[in-house]
Amino acid sequence: MENHIRCFADISKQVFNDEGVITSSSLEQKCVENVILKIYKQFEQKASIDPDLPKLNKSAHAKFLKNALISLSQSYTCLDASRPWLIYWILHALWALKDMPDAEILSHTVSFLSHCQHKDGGYGGGPGQYSHLGTTYAAVNALSIIGTEEAYDSIDRSSLQKFLWTVREVDGSFALHRGGEQDIRGAYCAVSIAKLTNTFTEALFDKTAEWIVSCQTYEGGFAGCPGMEAHGGYAYCGIAALGLLNRTKLCDMDALLRWCVNRQTTVEGGFQGRTNKLVDGCYSFWQGATFPIISAILAQDHKEMIETVLFNQGALQEYIIVCCQAPDGGLIDKPGKPRDIYHTCYTLSGLSVAQHGTGANDPYVVGTPNNELNRIHPLHNIAPHLAYNALHYFIRHPPPVKDKN
């Protein structure tokens, strides 16, 4: 437990300096900082009375998520093609909160995801929808979180591997669906899926690492595809995929680290997704999870790096717990934004990363010990032992050979 909170007087000295050039971006940044500073000032006054602050409202978040797993509001209609994503976000967030649904609900979830599985391999966004690498990644992660034989056996791995081949391009990149766009998300999702389900082959990912590295920009981060702007989500996908492929030496690690550390905001304490953009709770994971990956890579040559956390863990936890909790459950992008399942999942994932760092040291938890979340695997964003369990189950149970007739 760590009760030390950044001093408001110190934070207020670090406000954005527009250097006399006023732009829409600078005005938005100052507006966000003013809101955040008011929240931190109020919090500092409350914390002087209650030394247990800040508190993570776990029960409210779990209630919000469990209700969403059973029934969603009409506002989620636009995500009808993302239903495996919704399941993954909910289950992973509940796992982090140490409050998983009961076995019956989990079994029903397996059954529903089976209806999303396409006959030609992979998973669509809902029953009867075409397969997509994103929703396949989400389904595989969700089933790995459930972690039962029923869940594992529901995955048709023979057709899954065929689907991965159909979306692979000759340059090593992956389209998100047949005939779809190629970007770094597809490469990451494909590698993560293949590794967890033991459908990985060297031939399937020939040239993939080289294509990923071609997405690293002059700033140091990774873009969605060559020639585009560096972005937090793409940077995570890039370095995580290279980590899973064991090809991290291909990228410019110093440039990536420099870009990542400069994405943590000084006043807010959270991360922005791109240069000159606003803080957003979801980047607590997309940017935050790159750091334990980088530490592990650097530790190959410098062992002490495995214990070195390369960002401000306390500041990120403060931003999440003080500024990003909706009063009635769920987490948000930033103050003034509505709660949603996506931000709840990735903001909690980032909070777990901030607490557990590289995993080599004792947890660093701001607030009461009850604030501690379960640890996540930074390469897959599920629990480490759940990733291990899935892989080893699939190693012990190779997919059946189908009759070609």
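Residues numbered from 1 in each chain as written. Predicted model: local features only at pLDDT ≥ 70, side-chain atom pairs only at ≥ 80, totals over all residues. Heavy atoms only, no water.

In the nomenclature of an unreviewed UniProt entry, the protein is known as Protein farnesyltransferase subunit beta of Bicyclus anynana. Database annotation for the protein, UniProt heading Sequence similarities (unreviewed entry): "Belongs to the protein prenyltransferase subunit beta family." The Catalytic activity (unreviewed entry) field of the UniProt record for the protein holds the comment "L-cysteinyl-[protein] + (2E,6E)-farnesyl diphosphate = S-(2E,6E)-farnesyl-L-cysteinyl-[protein] + diphosphate". (UniProt positions renumbered as here; feature names shortened; annotations may be inferred.)

## Describing unusual backbone geometry
The amide bond that connects L53 to the next residue, P54, takes the cis arrangement and shows omega of 0 degrees. Turning to its location among the elements, P54 is positioned in the loop between α2 (24–47) and α3 (58–70). Within the chain, K207 stands out as a residue other than glycine whose phi angle is a positive 75 degrees. Secondary-structure assignment places K207 in the loop between α9 (184–197) and α10 (208–213). Looking at K207, the relative accessible area reads 45%, which means it is partly exposed. Within the chain, N381 stands out as a residue other than glycine whose phi angle is a positive 55 degrees. A relative accessible area of 1% places N381 in the buried class. (Helix = DSSP H or I, 4+ residues; strand = E, 2+ residues; numbered from the N terminus. Buried < 20%, exposed > 50% of the residue type's maximum accessible area, 1.4 Å probe, protein only.)

## Comments concerning the packing of α9 against helix α11 (residues 232–245)
Here α9 crosses α11 at 35 degrees, and the two axes come no closer than 9 Å. Between α9 and α11 the crossing geometry is left-handed. Facing α9, whose interface residues are I184, R185, Y188, V191, S192 and K195, α11 presents Y234, Y236, C237, G238, A240, A241, L244 and L245. Its residues assigned to classes, the contact of α9 with α11 comprises 10 nonpolar, two polar and two charged. (Axes fitted to C-alpha atoms, helices over the stretch in contact; angles between N-to-C directions. Left-handed = near helix turned anticlockwise from the far one by under 90°. Contact = heavy atoms within 4.5 Å. Nonpolar A, V, L, I, M, F, W, Y, C, P; charged D, E, K, R; others polar.)

## Regarding the environment of T166
The topology assignment puts T166 in helix α8 (residues 157–166). Sequence separation between T166 and D120 is 46 residues; the distance between their C-alpha atoms is 9.9 Å.

## Observations concerning the packing of aromatic side chains
Evaluated as defined, the whole model comprises 21 aromatic pairs. Arranged with centres 6.1 Å apart and planes meeting at 75 degrees, the rings of Y88 and Y137 form a pair that is edge-to-face. With Y88 in helix α4 (residues 83–96) and Y137 in helix α6 (residues 133–146), this pair connects stretches of sequence that are 49 residues apart. Residue classification places Y137 among the buried residues on the basis of a relative accessible area of 4%. In textbook terms, an aromatic cluster arises when at least three aromatic residues are bridged by ring pairs, as seen for W85, Y88, W89, Y137, Y188, Y236, F285, W286, Y342 and Y346. Across the ring face of F200, the terminal group of K195 is positioned such that the distance to the ring centre comes to 4.2 Å. (Phe/Tyr/Trp six-rings, centres within 6.5 Å; stacked < 30°, edge-to-face > 60°. Lys NZ or Arg CZ within 6 Å of the ring centre and 35° of its normal.)

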